[in-house]
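One-letter residues, chain by chain:
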Amino acid sequence: MTLALRVPEELSARLPAEQRGPGLDRDGVRLLVSRGTEVSHHGFRELPGLLRAGDLLVVNTSATLAAAVDGRVGDAPVVVHFSTRGDDGRWVVELREPDGRGTTRARAGGPEGTEVRLPGGARLVLEEPSSARGERLWWARVSGAEVPVVLREYGRPIRYSYTERDQPLSVYQTVFALPSADGTGSAEMPSAARPFTARLVAELVSRGVQFAPVTLHTGVASAESHEPPYPERFSVPEASARLINAARAGDGRVVAVGTTAVRAVESAAGADGVVRARAGWTDLVVTPERGVRVVDGLLTGLHEPEASHLLMLEAVAGRAAIDRGYEAAVLGRYLWHEFGDVHLLLP
């Protein structure tokens, strides 16, 4: 799906909300609400009044990794983006070139056997492309150090060119983030949940809105080409499956916070629409043709008009609602990307 819409460059959010002015917090972003093709404009702090008792928010607890590490191939500087840890201990990585502005640009992938020297004496060797779709992402083996240790000591969050400056890792953690025992997490922040604060969560709970935690470790997106998502590790615990099924059996709406939460929940749903506890890898791509079995609504950031995410949004809300919502977001000067404003799609 591609929207016939151009997003002006100045609508990229360059800084987190809390850095844009005195007295602001993370929840100081705007909220566009779509109910079908009807749109309304709100502040994110109004969310508790837009939901109702019995509604269930599905949230991703994956913590964001300091996934970008400087290295060298021969004499050439590279930046390694660590994406996804495999069951065999290898990692999917993307090698990029520093652009001199603190961000990176695409670099030709491979070839097999390429060795990258990492800080602290570790070395990384590219073994094979991670998918038949192209050579941007490679399976790589790291020796001389454990990857979580390298990331903790030498890594920084992945940063894209539209942002103003490097930020500490805490800026990229959501209020729901929980570190995992094996040091894995998300290469990029599950950003739809970023505007939530502890105060707002408490207000939602006090109004009878429930939360169902799931985990999906998201890999690195391509800043240049909008590829469909590849396999990612996920977990839907038993308690969350019960909460989701109970909400669906009652009058509650199941609202996913972010496309990662949609992918996790829909991966755990049977053809009968019942969610069962599941953990492992998902290669599910949610499209309008496949549809959604469980999710009634979605809270999401504003994605590029070419992004494959939009197919998932269309599966949840329909093409007309997405077209109308994005048109309203551009006209209303909403801010895009991970530090930007958010869009609530309701039935």
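Residues numbered from 1 in each chain as written. Predicted model: local features only at pLDDT ≥ 70, side-chain atom pairs only at ≥ 80, totals over all residues. Heavy atoms only, no water.

In this structure, T103 sits in the loop between β6 (91-98) and β7 (104-106). Since its relative accessible area comes to 5%, T103 is described here as buried. Apart from the residues within four sequence positions on either side, T103 is in contact with E97, P98, R159, Y160 and S161. (Helix = DSSP H or I, 4+ residues; strand = E, 2+ residues; numbered from the N terminus. Buried < 20%, exposed > 50% of the residue type's maximum accessible area, 1.4 Å probe, protein only. Contact = heavy atoms within 4.5 Å.)

With that out of the way, let us pick up helix α5 (residues 259-267). With respect to burial, α5 is a largely interior element, nine of its nine residues being buried. Inspection of α5 places T259, T260, A261, V262, R263, A264, V265, E266 and S267 among the buried residues, and these make up the whole buried set.

For the rest of this paragraph, the subject is the pairing of strand β16 (residues 342-346). Here β16 lies mainly inside the structure; five of its five residues are buried. Because side chains alternate across β16, one face comprises the buried residues V342, L344 and L346, and the other comprises H343 and L345, equally buried. Looking at chain direction, strand β1 (residues 30-35) and β16 are connected through five bridges and run parallel. Along β16, the bridge assignment pairs L32 with H343. Pairing analysis gives four bridges linking strand β15 (residues 297-301) to β16, with the strands arranged antiparallel. Residue pairing for β16: G301 is matched across the bridge by V342. (Pairing = 2+ DSSP bridges.)

With that out of the way, let us pick up the nonpolar core. Residues V58, V236, I244, V265, V275 and W336 are the most contacted members of the largest nonpolar core, which totals 41 residues. Those elements that place two or more of their residues in this core are β3 (56-60), β11 (210-216), β12 (232-236), α4 (238-249), β13 (254-257), α5, α6 (309-317) and α7 (319-331). Look past the residues within four positions of W336 in its chain and what remains in contact with it is V7, L11, S12, A13, L302, H303, E304, Y326, A329 and V330. Within the second largest apolar cluster, 31 residues are counted, among which are V69, V78, L95 and L126. (Core = buried A, V, L, I, M, F, W, Y, C linked by side-chain atoms within 4.5 Å.)

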